Amino acid sequence: MADKFDIELDTLDIDFSVFSDKENEKIAGRAMADVIARQAKATNDGKTVDGGDLKEYSPAYKRQLEKEGESTDTDLRRTGTMKGSRQGSKGPNSVGKIRGGAESAYIGRAARGGLTNEQLAKELRRKGYDVPNRFAKKDVDLVVKRFRQHLNMAAGKLFKSASKKFS
Amino acid sequence: MLKELSPRELEAYRKRQEQMLDDVTDNVKVALADVYRDFIARFKGTLSSASKSQTVELSEAMATMNDLTTYLQEAGLDDLINGYGAQFDRITQGSLEYFTAFDVAPDLTGLDEDVLNAVILRHENKILASVGRELIDPLEQALIASTVGNRPRDAIVAEIFEIAEGLTYRQTETLVDTTYRQFHRFVREEKAKDLDLEYYTYVGPLDDKTRDACEFLMKGGRGDGSFWTKEEFTADLHPDLVDNPVIAGGGYNCRHEAYPVTAEFARENGVGADG
């Protein structure tokens, strides 16, 4: 009869769910929410998404605002429906079409003059106003940081060291 | 013939006259303060009456207040007017501008804050009550038509204006725009739940029109003052808040937005590690 002996094996148990589309979409969606908020604050403060000053309104538009008792500072707000309509969406099943990621859009048709909110945003961009629809360097850094944070947190789940004893 | 007064007697006489004038002025001031209090009470009584249109009530109140101001001026009590003016300037300015949303263009330089708030609430309640009774279905249909379909906003305003009794075109525009904004906030809130976002940051203009509640939501929270946990961000935060601030903001026609964000973003903007 052979002598009885023990064998210990280390196993590497990789949890691939941390790399799933679903997980990535959620991280991207959360990061997009942060980007939308950051850019909304910037616009409200009269800043472009890069931190520069927003282009001033035309003299005629300023006169109109003054007549209505409104501030003439550029904040790209008239009724608020366009700015408020910006929505982040994750994955391919909603407004977003990006599998494993997220995007944002100005939804609906609430702008004056029959335009959709997205069309109004585009028109304002054509006139030289920085209506948020792009990532500034700050935003790219923010998104990268979020994914890194996620990977760091997931590291513990990635590599589970387990021992099995045979006898 | 009048007796010639000595310098000492003249000085004593001057002092007595001054004292008399001071007494009279004080009494007049007290009397005018009573008039003012009475005016406020009558104004509040007028507001509680639903027999007349809001605009007429407001105009009458404005006229009374203007009369009072004239009376004070004629009595030579400009300092009293200035005192009222300084006290009520900020809220008056904000409120008067606010009234443009209701197609009312009052002109006045001093009103009690409570009274103006009462007027605002009455206007809001009137519009919201009519929304509740008659316009919810058409507004919901309009939202669907313009969000999912391609019905232009202006066509929807015209359509609602046709069926909204008692609302001016400007009021209808405000109502429709408010409905759009609240709908977009509702959508954002649903997405926030799906993403498990932990904080809100309150963003918008800070000027003479800004409501006290909105100013508090921008300054009284964590980090730079605009951050609140999702648990604490409710109508309980400020006595002027009536509805969920995520959807309603600070109230009807609010210009502010609550953006849901991650805990990481909140920390990066000054919120402490302990939340």
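These numbers were taken from a predicted model, which means no experiment stands behind them. (Residues numbered from 1 in each chain as written. Chains lettered and ligands numbered in written order. Predicted model: local features only at pLDDT ≥ 70, side-chain atom pairs only at ≥ 80, totals over all residues. Heavy atoms only, no water.)

1. Overview of the overall build of chain B
Next up, step 1: Secondary structure assignment for chain B yields nine helices and three strands.
Next up, step 2: Secondary structure elements in chain B, listed N-terminal to C-terminal, are α-α-α-α-α-α-β-α-β-α-β-α.
Next up, step 3: Considering chain B as a whole, with its 275 residues, one finds that 45% of them fall into the buried category.
Next up, step 4: Considering only residue pairs separated by 6 or more positions, chain B has 68% of its internal contacts joining residues 24 or more positions apart.
Next up, step 5: A total of about 14,300 Å² of accessible surface is found on chain B, and carbon and sulfur atoms cover 53% of it. (Helix = DSSP H or I, 4+ residues; strand = E, 2+ residues; numbered from the N terminus. Buried < 20%, exposed > 50% of the residue type's maximum accessible area, 1.4 Å probe, protein only. Contact = heavy atoms within 4.5 Å. Areas by Shrake-Rupley, 256 points an atom, 1.4 Å probe, with all protein chains shown as cover.)

2. Focus: a nonpolar patch on the surface
Next up, step 1: Residues Phe135, Val140 and Val144 of chain A make up a contiguous nonpolar surface patch of about 240 Å² in total accessible area.
Next up, step 2: Positionally, valine 144 of chain A belongs in helix 5 (residues 137–158). (Patch = residues over 30% accessible without salt bridge, like charges linked within 9 Å, V, L, I, M, F, W, Y side chains within 5 Å. Salt bridge = Lys/Arg side-chain N within 4 Å of Asp/Glu carboxyl O.)

3. Regarding the confidence of the model for chain B
Residue and element names in this part refer to chain B.
Next up, step 1: Per-residue confidence for chain B gives a mean pLDDT of 69; residues scoring 70 or more make up 45%.
Next up, step 2: Scored below 50 in pLDDT, residues 84–96 shows 29 contacts in the model against residues more than four places distant or in partner chains.
Next up, step 3: Below a pLDDT of 50 lies the segment residues 101–116, which in the model reaches 55 contacts outside its immediate sequence neighbourhood of four places, other chains included.
Next up, step 4: Here the predicted complex carries an ipTM of 0.84, next to a pTM of 0.66. (pLDDT = per-residue confidence, 0-100.)

4. Looking at the interface of chain A and chain B
Next up, step 1: Listed per partner, the contact involves 38 residues of chain A and 39 residues of chain B.
Next up, step 2: With both chains or domains summed, chain A and chain B bury close to 3,100 Å², and 50% of this area falls on carbon and sulfur atoms.
Next up, step 3: Taken as a group, Arg30, Lys41 and Arg109 of chain A account for 21% of the area that chain A buries against chain B, more than any other trio of residues on that side.
Next up, step 4: Here chain A and chain B share eight salt bridges between them.
Next up, step 5: Glutamate 198 of chain B is the salt-bridge partner of arginine 30 of chain A, the closest N and O atoms lying 3.0 Å from each other.
Next up, step 6: Counting the contacts that link chain A with chain B gives 20 residue pairs in polar contact (both at pLDDT 80 or more).
Next up, step 7: Mapped by element, the contributors of at least two residues to the side of chain A that touches chain B are helix 1 (21–44), helix 3 (81–84), strand 2 (86–90) and helix 5 of chain A. (Buried area = accessible area lost by both parts, 1.4 Å probe. Polar contact = N/O pair within 3.5 Å; in protein donor to acceptor, adjacent residues only side chain to side chain.)

5. Quick look at helix 1 of chain A
Residues and elements named next belong to chain A.
Next up, step 1: For helix 1, which comprises 24 residues, the first-to-last C-alpha distance of 34 Å matches the rise-based estimate of 34 Å (1.5 Å per residue) to within 8%.
Next up, step 2: For helix 1, the buried fraction is high: 19 of the 24 residues fall into the buried class.
Next up, step 3: Positive backbone phi, approximately 80°, marks glycine 46, located one or two places after helix 1. (Expected span 1.5 Å × (residues − 1).)

6. So, the nonpolar core
Next up, step 1: Formed by 18 residues in total, the largest nonpolar core has its most connected members in Tyr199, Phe227, Tyr259, Val261 and Phe265 of chain B.
Next up, step 2: Elements with a minimum of two residues in this core: helix 1 of chain A together with strand 1 (199–203), strand 3 (257–261) and helix 9 (263–268) of chain B.
Next up, step 3: Examining the composition of this core, we find that seven residues originate from one element, helix 1 of chain A, more than from any other.
Next up, step 4: In this structure, Tyr200, Tyr202, Leu217 and Phe233 of chain B belong to the second largest nonpolar core, which totals 13 residues. (Core = buried A, V, L, I, M, F, W, Y, C linked by side-chain atoms within 4.5 Å.)

7. Side note on the pairing of strand 3 of chain B
All names here are of chain B.
Next up, step 1: The buried count for strand 3 comes to five of five residues, which makes it a mostly enclosed element.
Next up, step 2: Sheet analysis places strand 1 next to strand 3, joined by five bridges and oriented antiparallel. Bridge pairing in strand 3 links threonine 201 to tyrosine 259. (Pairing = 2+ DSSP bridges.)

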